[in-house]
Amino acid sequence: MLKKQKITLKYVAETAGVSLASASYALNGGGSLGRETRERVIAVAQQLGYSPNQAAKTMRTGRTSTIGLVVPDLTNPFFPQLVQTVICALGEAGYETFVTNTLGVKGVENRSIQTLIQLGVDGLIWFPISEASATEIELHGKPTVAIDRFVPGLDGVVADCYMGGRLAAAMLIEKGHQRIGMINAPSEVLSVRQRTMGAREYVEEHGQLVWEVEASFNPDLDSDVIKVLAEKRVTGIIAGADVIAIGAIRVLRSLSMSVPEDVSVVGFDNIPWCELSSPPLSTISFPIHEIGLEAVKILLNRIDNAAEPHKRVVFDVEPIHRDSIVPPKNMCHD
């Protein structure tokens, strides 16, 4: 059986009637070529089935055309949205993506990042576990964009979580709720503290904060959270994340309380589960798609322009009105 001939860049150039340099420019997006010449070379390469030698390209350019994406928890439906956005955007730019899930554990986070750096990725898009972990990990000068955190010395893309907290509280207050409880997400994360602070301040300005507890990013709520829900002292609940809100709705239902007739609930993030929840969950939209695209844009620019000043981008959030909030009944227990 005859071995299939490997199609080389030189053969592509000869077939397209251009120099070897022009063929390289056309296929790598560089140089100064006319549009017609570039398109002809690309078409010839596709017809011939040309596959570039990545190892040779890496040795020539010092780049691998790979990016590392580091996220803390793929069981939370918030993060697959980010992963999908980043993979698609990087793919369109000619990059492959290595995704690692740090499981919310600092040691795993550090090992994952060091492994990606050793593999030679051209840059990192990183959703750190916390501010502490973000400042403790050595990045060895690797171009890196942090998401949801502003890390000294790195580019960063975040959402206005403080305003998001205020908007979440306003959704309840504007419907007439005065006695409100808060189930906050873990407080070691700055963006969570910001959304908590915004919500707390707004409630205290316009209503009454009856109780405040903390829960993990999980719909399975701890006993202390279930205990305050069972007291039936509030007409509205602000949850620090949608997964927490969905868990609260489930607990309230088990306590023979109806959402939103007995208690209205608002979440934060606008994960896909919100529309599938019963009732569909009112929430604050965290613009994860837009943030992912911006992170890719900033990182690719950083790779090519290492000396530019670092960028910090803040995206607005917005309330999403669904069916989990209605005006309160006059049936709140003291």
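The structure this text deals with has already been given above.
Note that the coordinates shown come from a computational prediction; the quantities given were computed from them, not determined experimentally.

Q: I tried to follow the sheet that holds strand β1 (residues 66–71) on my own but got confused; where do I start?
A: Pairing in this open sheet of six strands is parallel, and the strands run β2-β1-β3-β4-β5-β11 from one edge to the other. Bordering the open sheet on either side are β2 (96–101) and β11 (312–315), each of which pairs with just one other strand. For this sheet the average axis-to-axis angle between neighbouring strands, irrespective of direction, equals 15 degrees. Here strand β3 (residues 123–126) runs beside strand β4 (residues 144–147); their pairing, made up of three bridges, is parallel. Bridging across to β4, I125 finds its partner in V145.

Q: What is the right way to look at unusual backbone geometry in this model?
A: Across the junction of V259 and P260, the peptide omega takes the value 10 degrees, indicating a cis bond. Tracing the sequence through the fold places P260 in the loop between α11 (242–254) and β9 (264–266). With an omega of 0 degrees, the peptide bond between S278 and P279 qualifies as cis. Structurally, P279 can be placed in the loop between α12 (273–276) and β10 (283–285). Of note in this structure, K232 is not a glycine but carries a positive phi near 55 degrees. Look at N270: it is not a glycine, yet its phi comes out positive at around 65 degrees. Inspection of the secondary structure puts N270 in the loop between β9 and α12.

Q: Explain the pairing of strand β8 (residues 236–239) to me, please; I cannot follow it from the model alone.
A: Regular strands place their side chains on alternate faces of the sheet. Neither face of β8 is open: one carries G236 and I238, the other I237 and A239, and all of them are buried. Pairing of strand β6 (residues 179–184) with β8, which is carried by four bridges, proceeds in the parallel orientation. For I180, the partnering residue across the bridge sits in β8 and is G236. Of the pairings in the sheet, the one linking β8 to β9 comprises three bridges and is parallel in character. Across the sheet, I237 pairs through a bridge with V265, a residue of β9. Taking the sense of rotation as the criterion, the β-α-β connection linking β8, α11 and β9 turns out right-handed.

Q: Any chance you could explain the sheet that holds β8 here in plain terms?
A: Two strands in a sheet stick together by hydrogen bonds in their backbones, pointing the same way (parallel) or opposite ways (antiparallel). The four strands are arranged β7-β6-β8-β9 in an open sheet whose pairing can be described as parallel. A strand with exactly one partner marks an edge of an open sheet, and here the two such strands are β7 (208–214) and β9. Recorded for the sheet is a direction-independent mean angle of 20 degrees between the axes of neighbouring strands. Sheet topology places β6 next to β7; six bridges connect them, and they run parallel. Residue pairing for β7: G181 is matched across the bridge by W211. Taken strand by strand, helix α9 (residues 190–206) contacts β6, β7 and β8, and its axis lies near 160 degrees from that of β7.

Q: I'm lost on the pattern of salt bridges in this one. Help?
A: Pairs can form between side chains of opposite charge whenever their charged atoms are close. On inspection of all chains with the given rule, the structure shows twelve salt bridges. One salt bridge connects R166 with E205, and the closest N-O pair in it is separated by 3.0 Å. Placement of R166 in helix α8 (residues 161–173) and of E205 in helix α9 is noted, with a sequence separation of 39 residues between them. In this structure E205 comes out as partly exposed when scored by relative accessible area, which is 47%. For the salt bridge of R233 with E231, the shortest nitrogen-to-oxygen distance reads 3.0 Å. For E231, a relative accessible area of 33% translates into the label partly exposed. Linked by salt bridges that have partners in common, E131, D148 and R149 make up one network.

Scoring rules and cut-offs
Residues numbered from 1 in each chain as written. Predicted model: local features only at pLDDT ≥ 70, side-chain atom pairs only at ≥ 80, totals over all residues. Heavy atoms only, no water. Pairing = 2+ DSSP bridges. Helix = DSSP H or I, 4+ residues; strand = E, 2+ residues; numbered from the N terminus. Axes fitted to C-alpha atoms, helices over the stretch in contact; angles between N-to-C directions. Buried < 20%, exposed > 50% of the residue type's maximum accessible area, 1.4 Å probe, protein only. Right-handed = clockwise from strand over helix to strand, strands pointing away. Contact = heavy atoms within 4.5 Å. Salt bridge = Lys/Arg side-chain N within 4 Å of Asp/Glu carboxyl O.

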